[in-house]
Amino acid sequence: MRINTRLRSTSRIPLLQAVKTSVAVALGWILSQLLLDTEQLPVFAAIAALLVVQPNINQTLGRAVERSLGVIGGVIIAYGVGVAFGQSSWVVLLAIVFCIMLAWALRLAPSSASQIPISAMLLLTIGTATAEYARDRIVETIIGAAAALLVNALIVPPVLLRPAHAAVIRLAYEIADTLDRIVDALRFPQKASQIEEMMIKVRLLRPMLAKADQALKQAEESLTLNPRHAVNRRLLDIDEELFARLTSLVARAIGMTRSLRDHYDHSLHLEPTVLAITVELSRAAHDLRLLTEQVDHPGVQQVSLPQRPPTLTAPLIIATPHPQHWILIGSLMEDLRRVREEIKGE
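Residues numbered from 1 in each chain as written. Predicted model: local features only at pLDDT ≥ 70, side-chain atom pairs only at ≥ 80, totals over all residues. Heavy atoms only, no water.

Peer 1: Hey, could you run me through the overall build of the chain in this one?
Peer 2: Looking only at helices and strands, the chain has twelve helices and zero strands in total. Along the chain, from the amino end to the carboxyl end, the secondary structure elements read α-α-α-α-α-α-α-α-α-α-α-α. Sorting the 346 residues of the chain into buried and exposed places 41% on the buried side. Across the chain, every contact between residues at least 6 apart in sequence was considered, and the portion connecting residues at least 24 apart equals 82%. Summed over its atoms, the accessible surface of the chain is roughly 18,900 Å², and 62% of this surface lies on carbon and sulfur atoms. (Helix = DSSP H or I, 4+ residues; strand = E, 2+ residues; numbered from the N terminus. Buried < 20%, exposed > 50% of the residue type's maximum accessible area, 1.4 Å probe, protein only. Contact = heavy atoms within 4.5 Å. Areas by Shrake-Rupley, 256 points an atom, 1.4 Å probe, with all protein chains shown as cover.)

Peer 1: Can you walk me through the packing of helix 1 (residues 15-35) against helix 2 (residues 43-52) in this structure?
Peer 2: To characterise two packed helices, one gives the angle between the axes of the helices and the distance between these axes. Between helix 1 and helix 2, whose axes approach to 8 Å, the crossing angle comes to 155°. Accordingly, the angle class assigned to the pair helix 1 and helix 2 is roughly antiparallel. Note on packing geometry: the crossing formed by helix 1 with helix 2 is right-handed. Packed against helix 1, whose contacting residues are Thr21, Ala24, Val25, Gly28, Trp29 and Ser32, the element helix 2 presents Ala45, Ala46, Ala49 and Leu50 at the interface. (Axes fitted to C-alpha atoms, helices over the stretch in contact; angles between N-to-C directions. Parallel < 35°, antiparallel > 145°, perpendicular 65-115°, else oblique. Left-handed = near helix turned anticlockwise from the far one by under 90°.)

Peer 1: Looking at this model, I keep getting lost on the nonpolar core. Mind explaining?
Peer 2: Note that soluble globular proteins tend to have their nonpolar side chains buried in a common cluster. One finds Leu171, Ile175, Leu205, Leu246 and Leu281 to be the most contacted residues of the largest nonpolar core, which totals 50 residues. For this core, the secondary structure elements donating two or more residues are helix 7 (161-187), helix 8 (192-203), helix 9 (205-223), helix 10 (229-262), helix 11 (272-296) and helix 12 (326-344). No other element matches helix 7, which puts 14 residues into this core. Setting aside residues no more than four positions away along its own chain, leucine 171 makes contact with Leu205, Met208, Leu209, Ala212, Phe243, Leu246 and Val250. Listed in part, the 19 residues of the second largest apolar core include Cys99, Leu122, Leu124 and Tyr133. (Core = buried A, V, L, I, M, F, W, Y, C linked by side-chain atoms within 4.5 Å.)

Peer 1: Looking at this model, I keep getting lost on the pattern of salt bridges. Mind explaining?
Peer 2: Note that side chains of opposite charge can pair when their charged atoms are close. The tally for this structure, following the rule as stated, stands at ten salt bridges. The shortest N-O distance in the salt bridge between arginine 289 and aspartate 177 comes to 2.7 Å. With arginine 289 in helix 11 and aspartate 177 in helix 7, this residue pair connects regions lying 112 residues apart in the sequence. Assessed through its relative accessible area of 22%, arginine 289 is described here as partly exposed. Residue aspartate 177 is classed as partly exposed on the basis of its relative accessible area of 31%. A salt bridge links aspartate 213 to lysine 217; the nearest nitrogen and oxygen atoms lie 3.6 Å apart. Here lysine 217 and aspartate 213 lie together in helix 9, a separation of four residues that amounts to about one turn. By sharing partners, the salt bridges in this structure join Asp177, Asp180 and Arg289 into a single network. (Salt bridge = Lys/Arg side-chain N within 4 Å of Asp/Glu carboxyl O.)

Peer 1: Sorry, what's going on with the confidence of the model for the chain here?
Peer 2: Do not read the fine detail of predicted coordinates wherever pLDDT is low. Looking at the chain, pLDDT values average 79 and 80% of them are 70 or higher. Looking at the elements of the chain, mean pLDDT is at its lowest for helix 12, recorded as 72, and at its highest for helix 7, recorded as 91. Below a pLDDT of 50 lies the segment residues 300-306, which in the model reaches eleven contacts outside its immediate sequence neighbourhood of four places, other chains included. Throughout residues 309-314 the model reports pLDDT below 50, and contacts reaching past four residues in sequence, or to other chains, amount to eight contacts. (pLDDT = per-residue confidence, 0-100.)

Peer 1: Where do I start with a nonpolar patch on the surface in this structure?
Peer 2: Among the surface-exposed residues, Leu93, Val97, Ile100, Met101 and Trp104 lie close enough to one another that they form a single nonpolar patch of about 560 Å² accessible area. Relative to the helices and strands, tryptophan 104 is located in helix 4 (residues 89-106). Relative accessible area serves as the criterion here: at 65%, tryptophan 104 is assigned to the exposed category. (Patch = residues over 30% accessible without salt bridge, like charges linked within 9 Å, V, L, I, M, F, W, Y side chains within 5 Å.)

Peer 1: Explain helix 1 here, please?
Peer 2: Think of an α-helix as 3.6 residues a turn; residues three or four steps apart then line up on the same face. If you check helix 1, its first and last C-alpha atoms are 30 Å apart, about what 21 residues at 1.5 Å a residue would give, namely 30 Å. Listed in full, the buried residues belonging to helix 1 are Gln17, Lys20, Thr21, Ala24, Gly28 and Ser32. Each buried residue of helix 1 lies within a common arc of 100° when the element is viewed along its axis, so the set occupies one face. Exposed residues lying more than 90 degrees from the buried face of helix 1 are Leu15 and Leu34. Where the residues of helix 1 are buried, they touch helix 2 and helix 6 (131-154). (Expected span 1.5 Å × (residues − 1). Arc of directions from axis to C-beta.)

Structure follows, in structure tokens:
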């Protein structure tokens with residue numbers, strides 16, 4: 001039998017977050033002692049501040065609401081149980097079990113579900129079941145949560161634009177590289193192993209797409225309620241606009257590679273139409289890189305894409321292909337048309 005236990009993580013939380021948590025705990029502790037005329041140590045405020053501080057303001061606000069509601073529910077239940085049955089050990093156990101089952105019945109989130117029984121247990125074990133004490137513990141928790149929210153808003157709220165931007169840019173360049181690999185496979189005879197290698201590489205686009213999507217969502221969340229929202233919103237909009245185009249291009253690149261794998265023939269490079277398609281694919285890869293460079297450097301002067309005739313119109317003459325090639329050629333032509341439309345934003 002193997003027990004999976006890990007006391008240490010492979011990475012630390014950011015030092016800034018550790019500092020903010022410490023400051024929030026200290027601020028909540030001090031404010032509670034100043035605002036509440038009580039001899040009780042402000043444990044509830046410290047716990048609230050400790051648990052509420054999150055990587056960004058939006059998450060911190062959500063956790064503050066969860067924490068406050070959980071404490072209110074736990075305190076109310078503990079107060080009612082204490083008044084009715086006293087504060088013996090079996091009453092504390094009964095209150096904890098009741099809170100657990102209530103959270104289960106209400107389908108509460110894990111953080112709220114655990115907070116209710118913890119609050120009830122703390123109130124019954126370290127306090128007295130009086131209305132004044134219960135009220136002070138609720139106020140104390142709100143002070144701690146508010147301190148955490150204030151500290152997280154004032155001490156350099158992190159903006160996660162850079163990881164999102166890097167993920168989108170990497171995806172764009174990989175799509176361009178995929179188009180170039182298709183060009184090479186159409187121009188020069190390929191071994192079966194080379195075609196399969198292309199297919200393996202193109203499948204990596206979907207994990208890259210998912211990673212970029214997740215990074216953009218995290219960047220969006222980091223800007224919510226952030227004082228630096230106005231400054232960074234435009235940059236995130238640029239990345240999201242490019243990502244919207246890349247989503248379709250990923251599907252096109254995978255589809256073109258799969259069609260090439262399924263219908264590959266060593267005489268493909270002899271087809272005049274295939275050679276013409278490779279020229280347009282090379283242009284598409286070039287234009288995608290140019291578009292990505294503009295997004296990668298949003299402060300520089302925008303450069304227009306090369307003015308070339310629209311793809312698959314008069315300049316591209318479709319000669320009658322070999323009967324074994326017409327399915328692949330037709331598929332490549334349609335995918336190429338859509339690739340050009342996405343790059344040009346049509």
